[in-house]
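Breakdown of the fold
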Amino acid sequence: MLRVKMVKLMLILIIGSALPQLVVAQQQVTLKDALTYALQNNTKIRNSKLDIEGGRYKVEEVRAQALPQLTGNVGLTYNPIIGQLVANFGGQTQAIKLGQNWNSTAGVQLSQQLFNQQVFTGLQAARSSEEYYNLTSKLTEEQIIELVANNYYQVLVNRQQLNVIDTNIKNVNIVEKIVSNQFKNGLARKIDVDRITVNLTNLNTQREQVINAITQLENQLKFSMGMPVSTPISLPFTELTEVTTLPVFTDSIDLANRTEVKLLDNQDKLLSLQRKAYVAEYYPSLALTGNYTYSSQSDGFDFLKSNAAAIGYGASAVGLTLKVPIFNGFLTRSKIRQADVDIKKARESRKESVNSLNLAYENAKIQLRNNINTIKSQRKNADLAQEIYKSTQNNYNNGLASLTDLLDTENALTEAQNSYTQALLNYKIAEIQLIKSNGNIKSLVQ
C-alpha cells in the first residue's frame with residue numbers, strides 16, 4: 001500500500017514538473033501579435049516585397065538602354081587561298097594578292113542614344129512600375145491583415161461556443177444524476193434516463209465537433225499568418241468582448257487614401273505611358289556611334305603583329321545614325337488604337353471599383369447598426385433564457401415541471417448563448433470592413 005502511494009506521489013511530481021513546460025511551449029497570441037507576425041512571415045507579403053526588389057532591377061534594365069553601349073571584339077582568320085586582284089600596270093597585266101594567310105583584329109565599338117523616345121518613355125513606365133509594385137505590396141498587406149483578423153475572431157467565437165457546450169454538459173450531468181437516483185427509487189421512468197443519456201451524448205458529440213472545428217480554424221489562422229501549422233498557440237479569451245456603442249460614422253469616405261484607388265490611378269498612368277510608347281514608334285531616333293579597330297596581317301601564324309614580318313595598322317570612325325520610320329503596314333496605328341481601348345476599359349473598371357468601395361462602406365455601417373441591436377437583444381435573450389432554465393430546473397427538482405420542459409429550456413439556453421456569440425462575431429467582421437473602408441486597416445496592428 002505504501003509502495004502504491006509512493007508511485008502515485010512520483011507521478012504527481014512528474015506531471016507537475018511537466019505542466020509548466022507545456023504551458024511555456026504553447027504560445028499565447030493576441031490579435032496584434034498575430035497581425036505583426038503575418039506582416040513579417042506571410043508568403044504573399046514576402047513575395048510582394050520581392051516584386052518591389054524586382055521592380056527596381058527593371059528600372060535599371062530600362063535605364064541601361066539610355067546609357068552608352070560599349071562592346072569589344074577580337075578575331076583571328078586563316079586564309080588558305082588568298083584572293084588576287086588582276087590589274088593592268090603600264091600595259092602589263094599583273095596579279096596582286098589581297099592580304100596575307102593570317103589576319104587578326106581587335107577593336108571596340110561605342111553607341112550612345114541621343115534621341116529615342118521609346119527608350120525615354122520606357123524609363124518613365126519602369127519608374128511607374130516600381131510604384132505599382134509598392135502599392136501592390138501595400139494592398140497585399142492590407143488583405144492579409146483583414147484575412148488574419150477574420151480568422152482570429154472565428155477561433156474566438158468557436159472557443160466561446162465550446163464554453164457554452166461545456167457548461168451545458170455540466171448542467172445535464174447534474175440532471176442525469178438526479179434522474180438516475182429518482183429511477184433507482186422508482187420516482188422516474190427508464191425513458192427519462194434514456195432521454196438524458198441521448199441528450200448528453202449529443203452534447204458530447206457537438207463538443208468533439210467544435211473542438212475539431214477550433215483545431216482547423218487555428219490551423220487556418222496559423223497558415224494565414226505564415227506560421228508553421230505544428231506550432232501550438234492559445235488565444236486570450238478577453239479579445240471578444242461585449243459591444244455597447246457604435247463607432248463614429250461619416251456620410252462619405254475619402255477614397256484618395258484607399259490603396260485600391262491609388263493602384264487604379266497607377267494602372268491608368270501605366271496604360272497612358274504604354275500608348276505614349278506606341279506613338280513614339282513614329283518618331284525618328286538618333287544615335288552616336290564610334291569604333292576603333294587594330295588589324296594585323298602576316299604570312300605565318302601571328303596575332304596582332306607579334307613578329308617582324310607582320311603588318312599592323314589601326315582604323316577608327318565616328319558617326320551619327322538617324323533612323324526614320326516611314327511605313328510599317330499601319331502596325332503602330334493598330335497598337336495605339338488597342339491602347340485607347342485598354343484605357344477606356346480601365347476607366348470603366350475604375351468607376352465600378354469606386355462604386356464598390358462606397359458600397360462596402362455603406363454596407364458596413366448598416367451591418368454594424370443591425371449587429372449592435374442584435375447583440376443587445378441576444379444578450380437580454382441569453383440572460384432571460386438562463387433565468388428560465390434555473391427556474392425550470394428548480395421546478396423540476398420540486399416536481400413542478402416535466403423533464404421535457406427542462407430539456408426544452410436547456411436547448412433554448414444553448415441557442416440563445418450561441419446566437420449572442422455569433423452576433424459578436426458578425427459585429428467584429430463588420431467593424432473590420434468599416435476600418436478597411438476608411439483606409440485604416442493597418443491601425444489594427446498599432
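Residues numbered from 1 in each chain as written. Predicted model: local features only at pLDDT ≥ 70, side-chain atom pairs only at ≥ 80, totals over all residues. Heavy atoms only, no water.

An unreviewed UniProt entry lists the protein chain under the name TolC family protein, with Pedobacter psychrodurus given as the organism. Comment text from UniProt for the protein chain, heading Subcellular location (unreviewed entry), reads "Cell outer membrane". On record in UniProt, under Sequence similarities (unreviewed entry), the comment for the protein chain is "Belongs to the outer membrane factor (OMF) (TC 1.B.17) family." (UniProt positions renumbered as here; feature names shortened; annotations may be inferred.)

So, about the overall build of the protein chain. Within the protein chain one finds eight helices and eight strands. Over its C-alpha atoms the protein chain spans a radius of gyration of 41 Å, topping by over 25% the 22 Å that the globule rule assigns to 446 residues. Principal axes of the C-alpha set define a box for the protein chain whose edges measure 150 × 70 × 35 Å. Taken over 446 residues, the protein chain has a buried fraction of 34%. Of all intrachain contacts in the protein chain linking residues separated by at least 6 positions in sequence, the fraction that spans at least 24 positions is 82%. As displayed, the protein chain offers around 26700 Å² of accessible surface, 55% of which is attributable to carbon and sulfur atoms. (Helix = DSSP H or I, 4+ residues; strand = E, 2+ residues; numbered from the N terminus. Rg over C-alpha atoms; globule rule 2.2 N^0.38 Å. Buried < 20%, exposed > 50% of the residue type's maximum accessible area, 1.4 Å probe, protein only. Contact = heavy atoms within 4.5 Å. Areas by Shrake-Rupley, 256 points an atom, 1.4 Å probe, with all protein chains shown as cover.)

Attention shifts here to the side chain of Gln161. Mapped onto the secondary structure, Gln161 falls in helix H4 (residues 117-184). In this structure Gln161 comes out as buried when scored by relative accessible area, which is 16%. Excluding residues that lie within four positions of it along the chain, Gln161 makes contacts with Asn418 and Gln422.

Okay, helix H3 (residues 43-64) next. Taking 1.5 Å as the rise per residue, H3 with 22 residues should run 32 Å; its terminal C-alpha atoms sit 31 Å apart, in good agreement. Of the positions making up H3, those classed as buried are Ile45, Ser48, Ile52, Gly55, Val59 and Val62. Angular distribution of buried residues about the axis of H3 spans 90°; they occupy a single face of the element. Of the residues in H3, the exposed ones pointing more than 90 degrees away from the buried face are Thr43 and Leu50. (Expected span 1.5 Å × (residues − 1). Arc of directions from axis to C-beta.)

With that settled, consider the layout of surface pockets. The computed volume of the largest pocket comes to approximately 180 Å³. Broken down by secondary-structure element, the contributors of at least two residues to the lining of the largest pocket are H4 and helix H6 (259-279). Of the residues that constitute the lining of the largest pocket, the class distribution is five nonpolar, five polar and one charged. (1 Å grid on protein atoms, 1.4 Å probe; cavity = no way out; pocket = protein on both sides within 12 Å on 5 of 7 lines; lining within 4 Å. Points joined across faces, edges and corners; volume = space filled by probe spheres on them. Nonpolar A, V, L, I, M, F, W, Y, C, P; charged D, E, K, R; others polar.)

On to the side chain of Ser437. Looking at the secondary structure, you find Ser437 in helix H8 (residues 403-437). Judged by relative accessible area, which is 2%, Ser437 ranks as buried. The contact partners of Ser437, leaving out residues within four places of it in the chain, are Ile253, Arg258, Ala360 and Tyr361.

So, about unusual backbone geometry. A positive phi angle is found at Phe330, which is not glycine, with a value near 65°. Here Phe330 is to be found in the loop between strand E8 (311-323) and helix H7 (331-397). Of the residues examined, Phe330 reaches a relative accessible area of 45% and is grouped as partly exposed.

Note: strand E3 (residues 84-89) against strand E4 (residues 92-97), six bridges, orientation antiparallel. Within the sheet, the bridge partner assigned to Phe89 lies in E4 and is Gln92. Counted along the chain from E3 to the antiparallel partner E4, the turn is two residues long, and its residue Gly90 has a positive phi close to 60°. (Pairing = 2+ DSSP bridges.)

With that settled, the discussion passes to the environment of Lys365. Here Lys365 is to be found in helix H7. Sequence-distant contacts of Lys365, defined by excluding residues within four places in its chain, comprise Phe249, Thr250, Asp251 and Leu434.

With that settled, consider the sheet that holds strand E5 (residues 102-115). Spatial ordering of the open sheet is given by E2-E5-E7-E8, a layout of four strands whose pairing is antiparallel. Every other strand in the sheet has two partners, leaving strand E2 (69-78) and E8 as the edge strands with one partner each. Pairs of neighbouring strands in the sheet enclose a mean axial angle of 15°, with direction left out of account. The pairing of E5 with strand E7 (residues 285-298) spans 13 bridges and is classified as antiparallel. Within E7, the residue paired with Val108 across the bridge is Tyr292. (Axes fitted to C-alpha atoms, helices over the stretch in contact; angles between N-to-C directions.)

A separate point is the packing of H3 against H4. For the pair H3 and H4, the least separation of the axes is 9 Å and the interaxial angle reads 175°. The pairing of H3 with H4 is recorded here as roughly antiparallel in orientation. Together, Lys44, Ile45, Ser48, Lys49, Asp51, Ile52, Gly55, Arg56, Lys58, Val59, Val62 and Arg63 of H3 and Val119, Gly122, Leu123, Ala126, Arg127, Glu130, Tyr133, Asn134, Ser137, Thr140, Glu141 and Ile144 of H4 make up the contact between the two elements. (Parallel < 35°, antiparallel > 145°, perpendicular 65-115°, else oblique.)

Interaxial distance between H4 and H8 falls to 10 Å at its minimum, and their mutual angle equals 170°. When the axis of H4 is compared with that of H8, the two are roughly antiparallel. Split by residue class, the contact of H4 with H8 holds 13 nonpolar, 11 polar and four charged.

The subject of this paragraph is the pattern of salt bridges. Applying the stated criterion across every chain, the model contains 16 salt bridges. Taking the shortest distance from any N to any O, the salt bridge between Asp166 and Arg207 comes out at 2.5 Å. With a gap of 41 residues between them, Asp166 in helix H4 and Arg207 in helix H5 (residues 190-225) connect regions that are remote in the sequence. Taken together, the shared-partner salt bridges connect Lys49, Glu141 and Lys442 into one network. (Salt bridge = Lys/Arg side-chain N within 4 Å of Asp/Glu carboxyl O.)

This brings us to the nonpolar core. Most often, soluble globular proteins have nonpolar side chains that are buried together. In terms of nonpolar packing, the biggest core is built from 26 residues, with Val148, Tyr152 and Leu221 touching the most fellow members. Among the elements of the structure, helix H2 (31-41), H4, H5 and H8 are those that each provide at least two residues to this core. The element contributing the most residues to this core is H4, with nine residues. Beyond its immediate sequence surroundings of up to four residues, Leu221 is in contact with Val148, Asn151, Tyr152, Val155, Ile233 and Leu235. Listed in part, the 23 residues of the second largest apolar core include Ile169, Ile214, Ala385 and Leu403. (Core = buried A, V, L, I, M, F, W, Y, C linked by side-chain atoms within 4.5 Å.)

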